[in-house]
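The primary structure of each chain is shown beneath.
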Amino acid sequence: MIWYTALVLAVAGERLAELVVALRNTRWSLARGGTEAGRGHYPAMVALHTALLAGCLAETWLAGRPFLPWFGWTMVAVVAAAQGLRWWCIRTLGHRWNTRVIVVPDMPLVTGGPYRWLRHPNYAAVAAEGLALPLVHGAWVTATVFTALNAVLMAVRVRCEDRALAPVRPMAARP
């Protein structure tokens with residue numbers, strides 16, 4: 001279980017790195033006249049993501065959840081893929097990627113990278129990670145509760161983001 005604790009702490013470190021990027025990008029966006037939408041649900045999102053990490057560790061340690069290699073290693077691969085997708089989103093959006101919903105005026109909608117295939121690929125990464133990370137070490141209660149609460153929160157978040165981005169036009173197609 002020590003290696004699983006290290007994995008969860010590594011994901012926590014990655015999340016802190018995301019927050020550093022998001023803070024930098026928030027300053028960049030606001031300096032260019034960006035406006036924030038959805039402030040009301042943001043604290044719930046932070047709390048849910050923090051609870052995911054705590055729940056992974058608490059359930060695994062307190063309930064003595066077993067590591068099943070055939071399943072656990074598959075879930076590690078899903079966690080790694082989710083991280084890759086998330087950082088692809090961050091790289092594709094550049095300064096516009098954020099943990100908040102901030103729209104900068106006169107900037108076109110990004111339609112490249114993973115946004116070519118999915119409207120909200122970052123949220124797909126969050127959903128995959130939120131299910132897979134607890135299941136790496138059998139924390140099925142945490143996986144179930146996070147997935148259910150995340151579905152409710154993402155319904156709110158996606159509607160908020162879609163409303164905020166509705167007036168934004170896509171980038172012109174390149175020849």
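Residues numbered from 1 in each chain as written. Predicted model: local features only at pLDDT ≥ 70, side-chain atom pairs only at ≥ 80, totals over all residues. Heavy atoms only, no water.

Draft legend 1. Focus on the layout of surface pockets. Its boundaries defined by the atoms lining it, the largest pocket holds a volume of some 480 Å³. Taken together, 24 residues make up the lining of the largest pocket; nearest its centre are L93, R96, Y115, E161 and L165. Secondary-structure elements contributing two or more residues to the lining of the largest pocket are strand 2 (101-103), helix 4 (121-135) and helix 5 (140-165). Of the residues belonging to the lining of the largest pocket, the class tally is 15 nonpolar, four polar and five charged. Lining the second largest pocket are 20 residues, and of these R15, E18, L19, H49 and T99 lie nearest its centre. When residues of the lining of the second largest pocket are traced back to their parent elements, those giving at least two are helix 1 (2-31), helix 2 (42-62), helix 4 and helix 5. Top contributing element to the lining of the second largest pocket by residue count: helix 2, with six residues. Looking at the lining of the second largest pocket residue by residue, the classes come out as eleven nonpolar, five polar and four charged. (1 Å grid on protein atoms, 1.4 Å probe; cavity = no way out; pocket = protein on both sides within 12 Å on 5 of 7 lines; lining within 4 Å. Points joined across faces, edges and corners; volume = space filled by probe spheres on them. Helix = DSSP H or I, 4+ residues; strand = E, 2+ residues; numbered from the N terminus. Nonpolar A, V, L, I, M, F, W, Y, C, P; charged D, E, K, R; others polar.)

Draft legend 2. Representation of the nonpolar core in the model. Ranked by internal contacts, the top residues of the largest apolar core, which has 21 residues, are Y4, V8, C56, V79 and L133. The biggest single contributor to this core is helix 2, with six residues. Those residues in contact with V8 that lie beyond four places of it in its chain are L53, C56, L57 and L133. Membership of the second largest hydrophobic core comes to eight residues, among which are V21, A22, W97 and Y115. (Core = buried A, V, L, I, M, F, W, Y, C linked by side-chain atoms within 4.5 Å. Buried < 20%, exposed > 50% of the residue type's maximum accessible area, 1.4 Å probe, protein only. Contact = heavy atoms within 4.5 Å.)

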